[in-house]
Amino acid sequence: MLTVQRAYHAYLDEMNLITILIPAEMQGDGKRTFYLLDGETRTELKCERIETIENRVKIQCRFDPSVKPFGKLYEICDDLNRKTDLQMGAVIRTDLFDEYFYYGENDLGAVCGEESTVLKVWAPTATEVKVKLLFPDVNKIETMPMTLGEKGIWSIKLQGNFDSVFYTYLVCVNLIWNEAVDPYAKAVSINGEYGVITELKKTAVLRKKPQPFEKLTDAIIYEAHIRDFSIHPDSGIKQKGKYAAFNEKETKTAGGLSSGLSYLQELGVTHLELLPFNDFEGVDEQDTSAEYNWGYNPLHFNAPEGSYSAKPDDPAERIRELKSAIQSIHESGIRVIMDVVYNHVYIRETSSFEKIVQGYYFRHDHNGLPSDGTGVGNDIASERKMARKFIVDSVSYWLSEYDVDGFRFDLMGILDVETMNEVHAACMRIKPDLLILGEGWDLNTPLAYEKKAIIANAGKMPGISFFNDQFRDVIKGSTFNLYDKGFIFGHTSNPDLLARVMTGSIAHFSSPAQSINYVESHDNHTLWDKMEVSNPHEAHEDRRMRQKLAAGMVILAQGIPFFHSGQEFYRTKKGVENSYKSPDDINQLDWNEREKYAEDVKYVKHLIALRKSHGAFRFAASDEISRHYRVLKNDGGVYAYALMDVKDYGPWRHIAVIHCSHRNGAVIPLPAGGEWEIASSPLMNKDHHDQKADSQITANEIGTLVLFQK
């Protein structure tokens, strides 16, 4: 790490407060006077406090607040003319700094045209900024000075066509030069070494509009990793592990069943949530077979990842490939949710944020040390205006340029309520039917509890949906204790909580659309792997029945259902809990299992179709649930309920749903009188209108039973 030798140190800690640290012997008789030097201009500082700390003396001084010592080199000298440079200190974490330097325009980064390119970077603490240009075709490098304008914006206008030219910023802060890729870079070179100036209109593809999407609770989310989805040898997909895999239609498994995008279309999901596809660390883009990563190591937030590209060394082509993949998914009637990681960076010290405005973008604890609520060494300070602006600008860019349909926020609890509400408002202006969901876990970061974007504060963020961990743990048992068993195993120790989560957790959320109901995701063990440990002596067939029961509860509960890819055919990661960098044989979606369990896939497809067939399974408002939902039985391993007087929402007047976790012959009373028909049972995949019931029905199988009256 580069350092500068100084006789003593001076830091700007507030907009008009300088902290000077001098060796004790330099203090002398204790009558030192200090001055702020701006070239030839000398301003005496007013000493406010003197404190001795071990072998140093700490002196705090005030100066005229109309003086703004930014944008060039300022010095401090004492009455013996001993000088040091004024370094940027804690001032960058003050509200006044945030207010003074907030820049509200939407033109940061490289704006490229046919005849000129304008580059702008926010670097308010820098004393000099240059742009370094690399012309790859001729292997030539040029360095040009940038000009400081208002609000800490450094800019330069380049005359001519600079499309495909590589660039970085050289930024001098506290006498140290750092080279950084533009945080707003929209394209990057191989492995993210350089930003790349790109004329975006040349990357445009024809847009396709997916099927209409009326309300959030109509969504059925399917989560997948781009590489996992197609990499298996028997996926039937040629462009394995690539964006282009989603361009391939009518792909088949070895046995002739649907695979890839055609499979998702057949299954009936509405949204495909893809793990991060912005540029990340962890996979060598020149040799993608050597490493694997989920993508939660963000490097460049606004540029697509190269390891999923067929031409990772062509920055514009990887943009086109991703755009084309998204539109192909749209053409299949499915929307795309982008998994985003704005809560941390891969390595704070080497990130562009830290190199350009040191200390600003990251939270620090009361000791001034970087906080680590994320567990990866840094937390983004989303509450600061330009950090918040970056997040809002970034999601707005992906939404408008790539036409994604929503965002899944990783570790959203690190971020703040105001940021998430601004994200939602900005996105709604671009695409009103988008879906925003996130992990609202309460993490140990130095942000006031009431400001955290966590489940407990969901009422302050009515437009945001949350992964419902209570639903997950009540249905299957604790994610973090493999031996803990939930309802699908016959454990009903908390019936009140079970009823709450099955009704969309409306006692806590402002609407059922805030509840993302799931039992499995890319994190932690798959449900099948959990059962392998918790129920090792149970018959294979019974474990399949329990997992199908879980699917029935996820799909038919009020709220928004969420599936982990392959969950419907018992995905296993061979017992690996955290497979973020495990090889393909652990993470790949095994399309042979899709063939093996084709009947079970049909059952999940049937449940999805059932949910879509009647609006009572997906009420949009809490008062609708309160008005129509009636619990029939909630004990003894059975949860049964009725949806009464719901003919205005679909073809049936009354609906009864029974979830049973055993074969003990539970008797469930049916309301309303008259004859009930069976729409679905654990052992069939389609309507059987010849099966009837009247005042009661007996549940004899593990699984979900659905009845109706027309």
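Within every chain, residues take consecutive numbers counted from 1 along the sequence as written. Local features in a predicted model are, by the rule used here, given only for residues with pLDDT of at least 70; side-chain atom pairs are given and counted only at 80 or more, and totals for whole chains, interfaces and linings are based on all residues. Each side-chain value is worked out from all heavy atoms of the structure, with water and hydrogens disregarded.

1. What to know about the sheet that holds strand β2 (residues 17–23)
For two strands to be treated as a pair, DSSP must find at least two bridges joining them. Secondary structure elements follow DSSP: runs of H or I no shorter than four residues count as helices, runs of E no shorter than two count as strands, and numbering proceeds from the N terminus. Spatially, eight strands are ordered β4-β3-β7-β8-β1-β2-β6-β5 in an open sheet, and the strand pairing comes out mixed. Strands at the two margins of the open sheet, each flanked by one partner only, are β4 (41–44) and β5 (46–53). Across the sheet, the mean angle from the axis of one strand to that of its neighbour is 30 degrees, orientation sign disregarded. Bridge count between strand β3 (residues 34–38) and β4: four bridges; the pairing is antiparallel. Looking at the pairing, L37 lines up with R42 of β4. Note on method: axes are straight lines fitted to C-alpha atoms, helices fitted across the in-contact stretch only, with angles between N-to-C directions ranging 0 to 180 degrees.

2. A look at the packing of aromatic side chains
Here a ring pair, both rings aromatic, is described through the centre-centre distance and the interplanar angle of the planes. Only Phe, Tyr and Trp rings take part, Trp by its six-membered ring, and two of them pair if their centres are within 6.5 Å. Stacked means planes under 30 degrees apart, edge-to-face means over 60, and tilted covers everything else. If you walk through the whole model with that rule in mind, you get 43 aromatic pairs. Think of it as a cone above the ring: NZ of Lys or CZ of Arg counts as a charge over the ring if it is within 6 Å of the ring centre and within 35 degrees of the ring normal. Directly above the aromatic system of W528 lies the positively charged group of R543, at a separation of 5.7 Å from the ring centroid.

3. What to know about the side chain of S622
Examined against the element boundaries, S622 turns out to sit in helix α16 (residues 622–628). Working definition: with a 1.4 Å probe on protein chains only, accessible area under 20% of the residue-type maximum means buried, over 50% means exposed, and in between means partly exposed. Owing to a relative accessible area of 17%, S622 belongs among the buried residues under this scheme. Reaching out from S622, the side chain makes a polar contact with the backbone oxygen of S510 at a distance of 3.4 Å. Excluding anything up to four places from it in sequence, S622 contacts I506, F509, S510, S511 and P512. Residues adjacent in sequence count toward polar contacts only when both atoms are side-chain atoms; beyond that, a polar contact is any pair of N or O atoms within 3.5 Å, and within protein one must be able to donate a hydrogen and the other to accept it. Contact criterion: two residues are considered in contact whenever any of their non-hydrogen atoms come within 4.5 Å of each other.

4. Focus on the layout of surface pockets
Of the grid points, spaced at 1 Å and generated over the protein atoms alone, those admitting a 1.4 Å probe that cannot get out make up cavities, while open sets with protein on both sides within 12 Å along at least five of seven lines make up pockets; any residue with an atom within 4 Å of a point is treated as lining. Grid points are joined across faces, edges and corners, and a volume is the space filled by probe spheres set on the points. Space inside the second largest pocket adds up to approximately 760 Å³. Considering every element that reaches the lining of the second largest pocket, the biggest residue donor is helix α9 (residues 469–476), with three residues. Across the lining of the second largest pocket, the residue classes tally to twelve nonpolar, twelve polar and nine charged. Three classes are used: nonpolar for Ala, Val, Leu, Ile, Met, Phe, Trp, Tyr, Cys and Pro, charged for Asp, Glu, Lys and Arg, and polar for all others, with Gly counted as polar.

5. Examining the sheet that holds strand β13 (residues 147–148)
Spatial strand order, β9-β10-β14-β13: four strands in an open sheet with antiparallel pairing. Whereas interior strands pair on both sides, the edge strands pair on one side only; in this sheet they are β9 (109–112) and β13. Sheet topology places β13 next to strand β14 (residues 153–159); two bridges connect them, and they run antiparallel. Residue pairing for β14: T147 is matched across the bridge by S155.

6. Things to note about α9
Regarding α9, the residues found buried are F471, R472, V474, I475 and K476. Lining the buried residues of α9 we find α10 (495–502), β26 (515–517), α11 (527–534) and α12 (540–556). Count one or two residues on from α9 and you reach G477, which has phi positive near 105 degrees.

7. Observations concerning the nonpolar core
Residues enter a nonpolar core if they are buried and are Ala, Val, Leu, Ile, Met, Phe, Trp, Tyr or Cys, with the set joined through side-chain atoms within 4.5 Å. In terms of nonpolar packing, the biggest core is built from 194 residues, with I20, F407 and F409 touching the most fellow members. Here this core takes ten residues from helix α7 (residues 385–402), the largest share from any one element. Apart from residues no more than four positions distant in its own chain, I20 is found in contact with Y8, H9, A10, F34, L45, V57, K58, I59, C61 and I76. Among the nonpolar cores identified, the runner-up in size contains 19 residues, and V638, A666, I668 and L707 belong to it.

8. Notes on the side chain of N517
Along the chain, N517 falls in strand β26. N517 sits in the buried class, given a relative accessible area of 0%. Within polar-contact distance, the side chain of N517 engages the backbone oxygen of Q558 at 2.8 Å. Setting aside residues up to four positions removed in sequence, N517 forms contacts with N468, F471, V501, V554, A557, Q558, G559, I560, P561 and F562.

9. Comments concerning the environment of V131
Within the secondary structure, V131 is located in strand β11 (residues 128–135). Judged by relative accessible area, which is 0%, V131 ranks as buried. Each C-alpha atom, one on V131 and one on S515, is 46 Å from the other, the two residues being 384 residues apart in sequence. If we ignore the near neighbours within four places in the chain, the residues touching V131 are L119, E142, T143, M144, M146, I156, Y167, T168 and Y169.

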